Amino acid sequence: MDQISNSTIAVFSRAFTLPGFDESLPAGEYDIETELSAPPDHLDPEAWKASVLVHLHPRASHPGLTRSLTVSLADLDRARARDKLSGKVFSQVYLEEQLADPMVRLVMLADGVSEAQIRHLYSGSNISDAEGERPIQKGPDHDE
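Computed from a predicted structure; not experimentally measured. (Residues numbered from 1 in each chain as written. Predicted model: local features only at pLDDT ≥ 70, side-chain atom pairs only at ≥ 80, totals over all residues. Heavy atoms only, no water.)

Caption draft 1: Spatial organisation of the pattern of salt bridges. If you walk through the whole model with that rule in mind, you get 6 salt bridges. Note that arginine 119 is salt-bridged to glutamate 96, the shortest N-O span being 2.7 Å. With arginine 119 in helix α4 (residues 115–123) and glutamate 96 in helix α2 (residues 90–99), this pair connects stretches of sequence that are 23 residues apart. A salt bridge links glutamate 115 to arginine 119, with the nearest nitrogen and oxygen atoms 2.9 Å apart. (Salt bridge = Lys/Arg side-chain N within 4 Å of Asp/Glu carboxyl O. Helix = DSSP H or I, 4+ residues; strand = E, 2+ residues; numbered from the N terminus.)

And the structure:
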């Protein structure tokens, strides 16, 4: 079986951590190598999972020492997602992704719900939008 690998660069805008590694890694670019298929000498190719090799920056105390860390693809994806949030509240990121989804837009149109109403709902505000539409109340126990 041919070993398939992919090389890329991950850019982190702030310091981050990875599970199983006790250091906080500095912001910057990291070379990433992903092996997409099992190595030829692997005993059970069916049970093999993609490995991700992160090439770490050298320490100031050991500038010539190269280091790398093998992590799961899921752990690297979580670290990149946390970095992408860059301090934003997750609900705000989720809201923007949902409002960009064409299917969500179709459901909103069918239900007669405007983007402004959804934004008010996520902001915690119970006031109506500038278009004079009915406000959306939080919770099922409100009176209309």
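Caption draft 2: Expanded view of the packing of aromatic side chains. Counting across every chain of the model gives 3 aromatic pairs. Seen in terms of ring centroids, phenylalanine 12 and tyrosine 30 are 6.0 Å apart; in terms of plane orientation they differ by 80°. Their pairing is edge-to-face. With phenylalanine 12 in strand β1 (residues 5–12) and tyrosine 30 in strand β2 (residues 28–35), this residue pair connects regions lying 18 residues apart in the sequence. Classification of tyrosine 30 by relative accessible area gives buried; the value is 0%. An aromatic cluster is built from Phe12, Phe16 and Tyr30, whose rings are joined through pairwise contacts. (Phe/Tyr/Trp six-rings, centres within 6.5 Å; stacked < 30°, edge-to-face > 60°. Buried < 20%, exposed > 50% of the residue type's maximum accessible area, 1.4 Å probe, protein only.)

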